[in-house]
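The chain contents come next:
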Amino acid sequence: MPPRIPTSSGSSSQALLLNQFSELVISPRLSASSSHHNGLITATAISTFQTHNNSQRQRSSLSKRQFSTTQPRQRLTRQRKQFWQWLETAGAAMRDVTKPMNYVQSPGSRDSTEDARDMPFPSNPEFRSQSVLSDEAREIIWKSVVEEGQPIKVVSARYSVDMRRVAAVLRMKAIEKRWKAEGKPLAIPYAKAVQKMLPITQLGQVPHEPINDVHVHGYTMQQVFYPTSESREFTRGAAAKAFGQHIIPVDKKIRIPELIDLEKQLAAGVDRNVVEEGFTKAALKSEQRLKEREANRVRKLEGAKTKVDTGRFEFRIENVNVEELVGRDGRSREAVGWRYGVPFNDRKKGMVKIPTKVE
C-alpha cells in the first residue's frame, strides 16, 4: 500500500469520521440481529460528523475574514483635501501651459509682483531663474559678427552680452546652420518649451548681463596700510602694486578695457560717433593681436613635434623635460593628472611634519 500524504489535524479527524461512517452504513458484514443497535450508532455518527463539519466551516470563514482582499475605503485626508482646494483656487492658473514663466507662487505672494516672477521654487527664494537670449537676439548677434564683420568686443558692449556668451552663440549658430544644410532634425519644440519656462531677453530693451565683472584676487581681500605722499597720484595700478607685484590692475583685468578710454573721451566732450569709431578700431586691433598670439602658440607647439606618417597612422613625437612637466618633486600644478587629486604627505608614516629650517 503506497504511503499517504500527511494532512492537518482537522482534515485527519474528518477523514476518520468518514471512514467510520462508511464502515457502519455500507459494510455488508452487519447481521440482522444487530441492525437496531447499528442504526443508533449510525445516527450518532452522522450527527457527530455534521457538528464537526459545521465547526470546521466556521473556522475557515473566520480565517478568510482575517485575510480578506477587499479594498479599504478611500478616505480623503486633510492634505489631499487641501490639495484639491488649491487646484480649484490658486492652482487653476497652473493648467494654462501656454503662459510663459507660469511658476507656482507662495501663499503670501501674488502673480503681479516683480519679486516672484523669476522665482520657480517658493520654498527657496534665493534661487532665481536667469534670463536667456531669444532666437531673434541670437540671430542678430550672428549677423553682426559673421556677416557684418564687427568685433566681438563691440557686439558685447553694444548689446550688454558677455564675450564668452557671444562666442558660444556663434558656435551654436554655426552648428545649427550646418545641420539645416545637411537636413538633420532640430529639437525646436524642446527649445520653445524651455524658453517658456525662463525669462527671455530682447536685445536693446534691457541689459542682459554684466560684461565687465572682475575676479577678486585673494590678496586684495586683506587690509593694507601703505604709506605714500599726498602729492602723488595714487591710481588703480598703484593700488594693485601695493597688494602685490603680481596683481594686475582692474584697468587691464576687465574683458573690454577699451571701454575705459571710450568713457574718458565721452566725459571730455568728444563727439559720440568719433568715439565709437575709435572704439571699434581699437577692439579690432585687440582681436587681431589675440589671433596672432594664438596662431604663434599653436605654430610653436606644432613645430616642437616630429610627425611620422606611415600611410595608415601618423605618429607625433615630442621631446619632454620631466622636470619642467611635473616639477622637481613631482607635484607641479602643470603636471598630468594633478587636477584629479595628488595625495599629500601629511598622513604618510616616516615623513617629517615639522619645519626643519626657516627661510
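Everything here concerns the structure above.
Residues numbered from 1 in each chain as written. Predicted model: local features only at pLDDT ≥ 70, side-chain atom pairs only at ≥ 80, totals over all residues. Heavy atoms only, no water.

Turning next to helix H6 (residues 163-182). Because the α-helix completes a turn every 3.6 residues, residues three or four places apart line up on one side. Spanning 20 residues, H6 covers 29 Å between terminal C-alpha atoms, matching the ideal 28 Å at 1.5 Å per step. Every buried residue belonging to H6 is among Val 166, Val 169, Leu 170 and Lys 173, and all of these are buried. Down the axis of H6, the buried side of the element spans an arc of 100°, and every buried residue falls inside it. Residues of H6 that are exposed and point more than 90 degrees away from the buried face comprise Arg 164, Arg 171 and Met 172. Buried residues along H6 sit against strand E1 (132-133), helix H4 (135-147) and helix H5 (152-159). Measuring from the side-chain oxygen of the N-cap residue of H6 to the backbone nitrogen of Arg 164 gives 2.9 Å; that N-cap residue is Asp 162. (Helix = DSSP H or I, 4+ residues; strand = E, 2+ residues; numbered from the N terminus. Expected span 1.5 Å × (residues − 1). Buried < 20%, exposed > 50% of the residue type's maximum accessible area, 1.4 Å probe, protein only. Arc of directions from axis to C-beta. Contact = heavy atoms within 4.5 Å. Polar contact = N/O pair within 3.5 Å; in protein donor to acceptor, adjacent residues only side chain to side chain.)

Another aspect to go through is the nonpolar core. Counting residues in hydrophobic clusters, the biggest one holds 12 residues: Leu 133, Ala 137, Ile 141, Trp 142, Val 145, Val 155, Tyr 159, Val 161, Val 166, Val 169, Leu 170 and Leu 203. Broken down by secondary-structure element, the contributors of at least two residues to this core are H4, H5 and H6. With 4 residues, the single largest contributor to this core is H4. Sequence-distant contacts of Ile 141, that is, excluding residues within four places in its chain, are made with Leu 133, Val 155, Val 166, Val 169, Leu 170 and Leu 203. (Core = buried A, V, L, I, M, F, W, Y, C linked by side-chain atoms within 4.5 Å.)

To continue, consider the packing of aromatic side chains. Taken as a whole, this structure holds 4 aromatic pairs when the rule is applied. Plain terms: the ring middles of Phe 83 and Trp 84 are 5.9 Å apart, the flat faces sit at 65° to each other, and that makes the pair edge-to-face. The class for Phe 83 is partly exposed, based on a relative accessible area of 43%. With a centroid separation of 6.5 Å and 25° between ring planes, the pair formed by Phe 83 and Trp 86 is classed as stacked. With Phe 83 and Trp 86 both in helix H3 (residues 78-88), this residue pair falls 3 residues apart, about one helical turn. The structure contains a cluster of three or more aromatic residues connected by ring pairs, namely Phe 83, Trp 84 and Trp 86. (Phe/Tyr/Trp six-rings, centres within 6.5 Å; stacked < 30°, edge-to-face > 60°.)

Looking now at the pairing of strand E3 (residues 305-309). Strand direction decides the pairing type here: E3 and strand E4 (residues 314-318), joined by 5 bridges, are antiparallel. Residue pairing across strands places Thr 306 opposite Ile 317, the latter belonging to E4. (Pairing = 2+ DSSP bridges.)

With that settled, the discussion passes to the side chain of His 208. Structurally, the position occupied by His 208 is in the loop between strand E2 (200-201) and helix H8 (236-243). Other than its neighbours up to four places away in sequence, His 208 contacts Ser 131, Val 132, Leu 133, Tyr 159, Ser 160, Val 161, Arg 165 and Thr 201.

Take the layout of surface pockets next. Any empty space left between the atoms is revealed when a probe the size of a water molecule rolls over them. For the largest pocket, the calculated volume is near 830 Å³. Lining the largest pocket are 24 residues, with Asp 135, Arg 138, Glu 176, Ala 191 and Gln 195 positioned closest to its centre. Looking at the lining of the largest pocket, the elements with two or more residues in it are E1, H4, H6 and helix H7 (188-197). The leading source of residues in the lining of the largest pocket is H6, at 9 residues. When the residues that make up the lining of the largest pocket are grouped by side-chain class, the tally is 15 nonpolar, 2 polar and 7 charged. Lining the second largest pocket are 18 residues, and of these Lys 153, Met 163, Ser 286, Glu 287 and Leu 290 lie nearest its centre. Those elements that provide at least two residues to the lining of the second largest pocket are H5, H6 and helix H11 (272-303). The dominant element in the lining of the second largest pocket, judged by the number of residues it contributes, is H11, at 7 residues. Considering only residue class, the lining of the second largest pocket consists of 7 nonpolar, 3 polar and 8 charged. (1 Å grid on protein atoms, 1.4 Å probe; cavity = no way out; pocket = protein on both sides within 12 Å on 5 of 7 lines; lining within 4 Å. Points joined across faces, edges and corners; volume = space filled by probe spheres on them. Nonpolar A, V, L, I, M, F, W, Y, C, P; charged D, E, K, R; others polar.)

What follows is about a nonpolar patch on the surface. Judged by side-chain polarity, Leu 76, Phe 83, Trp 84, Trp 86 and Val 104 come together as a nonpolar surface patch covering roughly 490 Å² of accessible area. The topology assignment puts Leu 76 in the loop between helix H2 (35-66) and H3. (Patch = residues over 30% accessible without salt bridge, like charges linked within 9 Å, V, L, I, M, F, W, Y side chains within 5 Å. Areas by Shrake-Rupley, 256 points an atom, 1.4 Å probe, with all protein chains shown as cover. Salt bridge = Lys/Arg side-chain N within 4 Å of Asp/Glu carboxyl O.)

The next thing to look at is the side chain of Ser 286. Mapped onto the elements, Ser 286 comes out in helix H11. Among the residues examined, Ser 286 registers a relative accessible area of 14% and is labelled buried. At a separation of 2.8 Å, a polar atom in the side chain of Ser 286 contacts the side chain of Lys 153. Those residues within four positions of Ser 286 in sequence are excluded, and the remaining contacts are Lys 153 and Glu 258.

Next up on the list: the packing of H4 against H5. Packing of H4 against H5 leaves a shortest axis separation of 9 Å and a crossing angle of 145°. For the pair H4 and H5, the sense of crossing is right-handed. Contacts between H4 and H5 involve Ile 140, Ile 141, Ser 144 and Val 145 from the former and Ile 152, Val 155 and Tyr 159 from the latter. (Axes fitted to C-alpha atoms, helices over the stretch in contact; angles between N-to-C directions. Left-handed = near helix turned anticlockwise from the far one by under 90°.)

As a further point, take unusual backbone geometry. Notably, Ser 160 is not glycine yet its phi reads approximately 55°, a positive angle. The residue Ser 160 is located in the loop between H5 and H6 in this model.

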